[in-house]
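Listed below, chain by chain, are the residues.
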Amino acid sequence: PLKPEDLSNIPETGIDPENPGKYQGLLEDLQGNILKGHGRDYSVHLFLQWDREQSDDAKQWIKTFSQTYVKSAKQQSDDALRYRKEGISGGIFANFFLTRKGYEALGFAPFKIPKNQPFTMGMKNQQIRGFLGDPEVEKWEIGFQKEIHALILIADDDLNNLLQTVNHICQELRQIAVILHREDGFILRNKAGQIIEHFGFVDGVSQPLFIKREIVKAQVNDCGFSQWDSRAPLDIVLVKDPNGKTEDSYGSYLVYRKLEQNVKGFREDQENLARTLNIKEDLAGALVVGRFPDGTPVTKSDIPTYAVTPTNNFNYDEDVSATKCPFHAHIRKTNPRGDTGRVESSPGYDESLGIERSHRITRRGVSYGEKDPNQAPERGSGLLFLCFQADIENQFNFIQARWANPNRFVKVGVGPDPLIGQPQGSQKWPEKWGEEDTKDHCFKLWVSMKGGEYFFAPSLSFLMKLT
Ligand code: HEM
């Protein structure tokens, strides 16, 4: 079996699923989409509640479903290779996730249930909501208010095939479970073909990387990792599956949040900010996000550069007083790239950076709602935010509650993250890029949380041998 060191250190060039060595067993038993995104254009998310009286049938169904549709990390890579070589699509991709209550409803004893604390408590828990700044459960969408036991993610590039498969799966499911809620997601792109979110900004650029192909790509595009090393050890995303049937059975915690985006409101606020500071709108947007819509980091430039692949090899060393990229900017709040070590004297820069890096999450979100990027919806569109991690408390919850929300991170007076900080508040905005003078402006919160839950992604050997 793999040793803890095999998860806390990774090979220089990451893990190569085509030549996995000692990681073969892990990749064969781990669900796909965790170490590397599945990349399909369309996805459907089904939220389920088991009927406790029929838990044996439910287990049988999960087993068959997993054998048919759920892909391992290894299989995902083999399919991708075949696609690159022969153009043959990998077809349907699926994941299967359980909540703590879902394990219980299937009859699992407490010591068999993954025990990360927020996972045990659930996202509706009052303490958790208080900590994250989330709205009352009565204000969530009705489907999310109910007791969720499982989540199935089904994805494909072929929308027709996806919808047909989902219909078929729903018919089967109705015999053994209640389908509480459904979300249909898709990948939004700009005219240059880059993946964007509804406000129009390139998304998914900065991610922790585990897999060789992705690491090599980043190294080539970005001339290495001199300013920011996006490589990450497996132990920030994987934990042992307590029910795994192999030596190297691992799983991961998933945070799921439906985040509605008021695009019209955001655009107007962005115009207001531009007028207040007497700057162009795209720069105003960059001061909110930390990157221009095309992905150019605003700490590097006051104009967009239209790079095909935006850089991720940067940090804030040349912007320590945040006159270029404000401390409140979304990407600086959610990944300070060394800021904490500069602001706090202990425990020292390198150690602080190490701690910061342990908070990283693996984002796998997709958009929902309006598909036409020329529209500016106020309601009904947004981000189905998904992220994987080894410890929810130390990763997603930490980022949202200790970094994005507080006024005083990374230091007193910074204000909340204008994209996701709850509650909204006022920030200081540079009047001229690269100069000290600032103006106050309260960028309103245009993202609202509509519901969500904490899940675990069990190993395949558990799913396929459920009894
Ligand atoms: C990066 C948008 C919610 C964490 C980004 C980027 C955009 C973006 C445009 C820059 C692209 C990139 O660097 O990959 C949004 C929108 C959200 C949202 C529109 C809500 C609707 C969240 C939430 C979290 C989060 C809830 C976690 C609490 C991050 C992180 C990065 C990021 C960690 C990468 C930062 C870096 O490494 O530089 N987001 N985001 N985002 N976001 Fe969000």
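Quick caveat: nothing in here was measured; it's all calculated off a predicted structure.

**Q** What is the right way to read the pattern of salt bridges from this model?
**A** Two side chains bearing opposite charge may form a pair once their charged atoms approach each other closely. Summed over all chains, the structure comprises 24 salt bridges. Close ionic contact of arginine 213 with glutamate 18 constitutes a salt bridge, the shortest N to O distance being 3.0 Å. Taken together, the residues arginine 213 in helix H10 (residues 212-222) and glutamate 18 in the loop between helix H1 (4-8) and helix H2 (24-29) connect sequence positions 195 residues apart. Relative accessible area serves as the criterion here: at 39%, glutamate 18 is assigned to the partly exposed category.

**Q** How should H10 be read in this particular structure?
**A** Among all positions of H10, only Ile215, Ala218 and Asp222 are buried. Looking down the long axis of H10, one finds its buried residues gathered within 65° of arc, a one-sided arrangement. Exposed positions of H10 whose direction lies more than 90 degrees from the buried face are Lys217 and Val220.

**Q** Is there a simple way to explain the layout of surface pockets in this structure?
**A** By rolling a water-sized probe across the atoms, one finds the places where empty space is left. In this structure, the second largest pocket encloses a volume near 620 Å³. Along the wall of the second largest pocket there are 29 residues; nearest its centre are Asn190, Lys191, Ile196, Gly200 and Pro293. Elements with a contribution of two residues or more to the lining of the second largest pocket: strand E5 (188-189), helix H11 (263-277) and helix H12 (281-289). Examining the composition of the lining of the second largest pocket, we find that three residues originate from one element, H11, more than from any other. Here the lining of the second largest pocket is built from residues that sort into 13 nonpolar, seven polar and nine charged.

**Q** In this structure, what is going on with the side chain of histidine 181? I would like to understand it.
**A** When you line up the elements, histidine 181 lands in strand E4 (residues 177-186). When its relative accessible area of 13% is taken as the criterion, histidine 181 is described as buried. Within the structure, histidine 181 has its side chain in polar contact with the side chain of glutamate 183 (distance 2.6 Å).

**Q** Just checking my understanding: could you explain the coordination of the iron atom of the ligand for this structure?
**A** Reference values for coordination geometry: four tetrahedral donors around a metal ideally subtend 109.5 degrees, six octahedral donors ideally subtend 90 or 180 degrees. In this structure, the iron atom of the ligand receives exactly one donor atom from the protein: His330 (NE2), at 2.1 Å. Residue position: histidine 330 is located in helix H13 (residues 330-334).

**Q** Could you clarify how one ought to interpret the side chain of histidine 441 in this entry?
**A** Of note, histidine 441 is situated in strand E13 (residues 438-441). Not counting residues within four places of it along the chain, the set of residues in contact with histidine 441 comprises Asp269, Asn272, Leu273, Thr276, Ser426, Gln427 and Trp429.

**Q** Is there a simple way to think about the site of the ligand in this case?
**A** Near the ligand, the surroundings consist of 25 residues, among which Val205, Ser206, His330, Asn335 and Arg337 are the closest. Histidine 330 has a polar side-chain atom sitting 2.9 Å from a nitrogen atom of the ligand. Contacts to the ligand include arginine 363, whose side-chain N or O atom sits 2.8 Å from an oxygen atom. Mapped by element, the contributors of at least two residues to the shell around the ligand are strand E8 (250-261), H13, strand E11 (382-389) and helix H16 (396-404). Broken down by class, the residue content of the shell around the ligand amounts to 13 nonpolar, seven polar and five charged.

**Q** I'm lost on the packing of aromatic side chains in this one. Help?
**A** Remark: the centre distance and the inter-plane angle together describe each pair of aromatic rings, the angle taken between the planes. Taken as a whole and judged by the stated rule, the model has 24 aromatic pairs. Geometrically, the ring pair formed by phenylalanine 119 and phenylalanine 456 is edge-to-face, given 6.4 Å between the ring centres and 65° between the ring planes. Here phenylalanine 119 is found in helix H6 (residues 117-121), whereas its partner phenylalanine 456 is found in strand E14 (residues 447-457), with 337 residues between them in sequence. For the pair phenylalanine 119 and phenylalanine 456, a shared accessibility class is recorded, and that class is buried. Ring plane angle 45° and centroid distance 6.1 Å describe the contact between tryptophan 429 and phenylalanine 443, whose orientation is recorded as tilted. Of this pair, tryptophan 429 sits in strand E12 (residues 427-430) while phenylalanine 443 is found in the loop between E13 and E14, placing the two residues 14 residues apart along the sequence. Both residues of the pair, tryptophan 429 and phenylalanine 443, belong to the buried class. In this structure, lysine 59 packs its charged tip against the face of phenylalanine 108, placed 5.5 Å from the ring centre.

**Q** Explain the confidence of the model for the protein chain to me, please; I cannot follow it from the model alone.
**A** Detailed reading of predicted coordinates is not advised where the pLDDT is low. Averaged over all residues, the pLDDT of the protein chain is 97; the fraction at 70 or higher stands at 100%. Scored as a complex, the prediction yields pTM 0.98 and ipTM 1.00.

Parameters and conventions
- Residues numbered from 1 in each chain as written.
- Predicted model: local features only at pLDDT ≥ 70, side-chain atom pairs only at ≥ 80, totals over all residues.
- Heavy atoms only, no water.
- Salt bridge = Lys/Arg side-chain N within 4 Å of Asp/Glu carboxyl O.
- Helix = DSSP H or I, 4+ residues; strand = E, 2+ residues; numbered from the N terminus.
- Buried < 20%, exposed > 50% of the residue type's maximum accessible area, 1.4 Å probe, protein only.
- Arc of directions from axis to C-beta.
- 1 Å grid on protein atoms, 1.4 Å probe; cavity = no way out; pocket = protein on both sides within 12 Å on 5 of 7 lines; lining within 4 Å.
- Points joined across faces, edges and corners; volume = space filled by probe spheres on them.
- Nonpolar A, V, L, I, M, F, W, Y, C, P; charged D, E, K, R; others polar.
- Polar contact = N/O pair within 3.5 Å; in protein donor to acceptor, adjacent residues only side chain to side chain.
- Donors = N, O, S within 2.8 Å, 3.2 Å for Na, K, Ca; no water.
- Contact = heavy atoms within 4.5 Å.
- Near = heavy atom within 4 Å.
- Phe/Tyr/Trp six-rings, centres within 6.5 Å; stacked < 30°, edge-to-face > 60°.
- Lys NZ or Arg CZ within 6 Å of the ring centre and 35° of its normal.
- pLDDT = per-residue confidence, 0-100.

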